[in-house]
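Architecture and fold: a report
One letter stands for each residue in the lines below.
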Amino acid sequence: MNIYLRNSLIGIAILFVVLKITGVFTYYYLPSSSNEPNLPINSYIFGSNLIQPKSYDFAYFKFSDSLNGSAIVKRLIAMPGDRLECKNGEYFVNNKKLDNRIDLRFSYKVDKSTYDNILFPKFKDNESFEAFQITQDSYLVFLNTSFVKNDTINYKRYAVDNDKEKLSKSIFGRNKNWSLSNFGPIVLPKGKYFFSGDSRDNSYDSRHRGFVDENQIIGTVLFKI
């Protein structure tokens, strides 16, 4: 190898290591489906701590109870001073619906025949497809809203009645009328941020774990591969 080429490659490698250590440019592997379909499972995201996330950006951060200090990637839904409300799993910020911009993923209950004859053959080779048998004759499946909208089958959203117990008490108190898919309005306090995954029924996020403090936000996602 040409000595100048070798030195150039070494220099690029050192620069990349420095950028990653400082957070100026870094990457994360995504082992979770909680941001499907927009950040697919087993993909890589690249980001920077030089850019502050705006509403609806993906960002990486730490919850105060983050295990082993691991970074978490979710979508920034609401910022300090925002009025946040959730209706049937979709978010409204300052009385404006945000979720009509993107494809989301929700859980649906289907009969065994629909699963065996339609969904399984269609998605069996899709690593992000998740399904669980919940009774002898039914399955719980996670589907993109774009698929459900364009399919001829009338899919029924799956609701868990006891999900009220999973709400963060630090945010929602003990309001018995609120659930993971229906709550608010609430106004975010100073210095507090609300994050959520795009796979709304399969994301462990601010609804469960509370707000994210400003100093816990590490950086903003720039792109994925």
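Now for a quick tour of the structure. What you see is a predicted model, and the numbers here were worked out from it, not measured in a lab. (Residues numbered from 1 in each chain as written. Predicted model: local features only at pLDDT ≥ 70, side-chain atom pairs only at ≥ 80, totals over all residues. Heavy atoms only, no water.)

**Quick notes on the pattern of salt bridges**
Tallied over the full model, the rule gives nine salt bridges. We note a salt bridge from Arg 105 to Glu 36, for which the minimum N-O separation is 3.7 Å. A residue pair is termed long-range when its members are at least 10 positions apart, and Arg 105 in strand β8 (residues 105–111) and Glu 36 in the loop between β1 (26–30) and β2 (43–48) qualify at 69 residues. A residue is classified by how much of its surface remains accessible, and Glu 36, at 4% relative accessible area, is buried. Residue Lys 97 is joined to Glu 90 by a salt bridge in which the shortest nitrogen-to-oxygen separation is 3.2 Å. On the accessibility criterion, Lys 97 (33% relative accessible area) is partly exposed. A relative accessible area of 22% means that Glu 90 is categorised as partly exposed. (Salt bridge = Lys/Arg side-chain N within 4 Å of Asp/Glu carboxyl O. Helix = DSSP H or I, 4+ residues; strand = E, 2+ residues; numbered from the N terminus. Buried < 20%, exposed > 50% of the residue type's maximum accessible area, 1.4 Å probe, protein only.)

**A word on a nonpolar patch on the surface**
A cluster of nonpolar side chains, namely Tyr 27, Tyr 29, Tyr 44, Leu 50, Ile 51, Leu 222, Phe 223 and Ile 225, defines an oily patch on the protein surface of about 780 Å² accessible area. Examined against the element boundaries, Ile 225 turns out to sit in the segment after β15 (217–224). With relative accessibility at 61%, the residue Ile 225 sits in the exposed group. (Patch = residues over 30% accessible without salt bridge, like charges linked within 9 Å, V, L, I, M, F, W, Y side chains within 5 Å. Areas by Shrake-Rupley, 256 points an atom, 1.4 Å probe, with all protein chains shown as cover.)

**Notes on unusual backbone geometry**
Geometrically, the link from Glu 36 to Pro 37 is a cis peptide bond, its omega value of 0 degrees lying close to zero. Mapping Pro 37 onto the fold places it in the loop between β1 and β2. Residue Pro 185 is reached from Gly 184 by a cis peptide bond, and omega for that bond is 10 degrees. Assignment of secondary structure puts Pro 185 in strand β12 (residues 183–187). Positive phi values are uncommon outside glycine, yet Asn 88 reaches one of about 55 degrees. Secondary-structure assignment places Asn 88 in the loop between β5 (83–87) and β6 (90–93). Positive phi, close to 70 degrees, is recorded for Asn 95, a residue that is not glycine.

**Overview of the nonpolar core**
Formed by 18 residues in total, the largest nonpolar core has its most connected members in Ile 77, Leu 84, Tyr 91, Phe 172, Phe 183, Ile 186 and Phe 194. Looking at this core, the elements with two or more residues in it are β4 (72–78), β5, β6, α4 (169–172) and β12. With near-sequence residues (within four places) excluded, Leu 84 lies in contact with Ile 77, Ala 78, Tyr 91, Phe 92, Val 93, Phe 183, Gly 184, Pro 185, Ile 186, Leu 188 and Phe 194. Grouped together as the second largest cluster of nonpolar side chains are 14 residues, Leu 104, Phe 123, Leu 143 and Phe 147 included. (Core = buried A, V, L, I, M, F, W, Y, C linked by side-chain atoms within 4.5 Å. Contact = heavy atoms within 4.5 Å.)

**Here we look at the packing of aromatic side chains**
This structure, assessed with the given rule, holds 21 aromatic pairs. Following the ring pairs from residue to residue traces out a cluster consisting of Phe 25, Tyr 27, Tyr 29, Tyr 44, Phe 46 and Phe 223. Residue placement shows Arg 75 over the ring face of Phe 58; its charged tip is 4.1 Å from the ring centre. (Phe/Tyr/Trp six-rings, centres within 6.5 Å; stacked < 30°, edge-to-face > 60°. Lys NZ or Arg CZ within 6 Å of the ring centre and 35° of its normal.)

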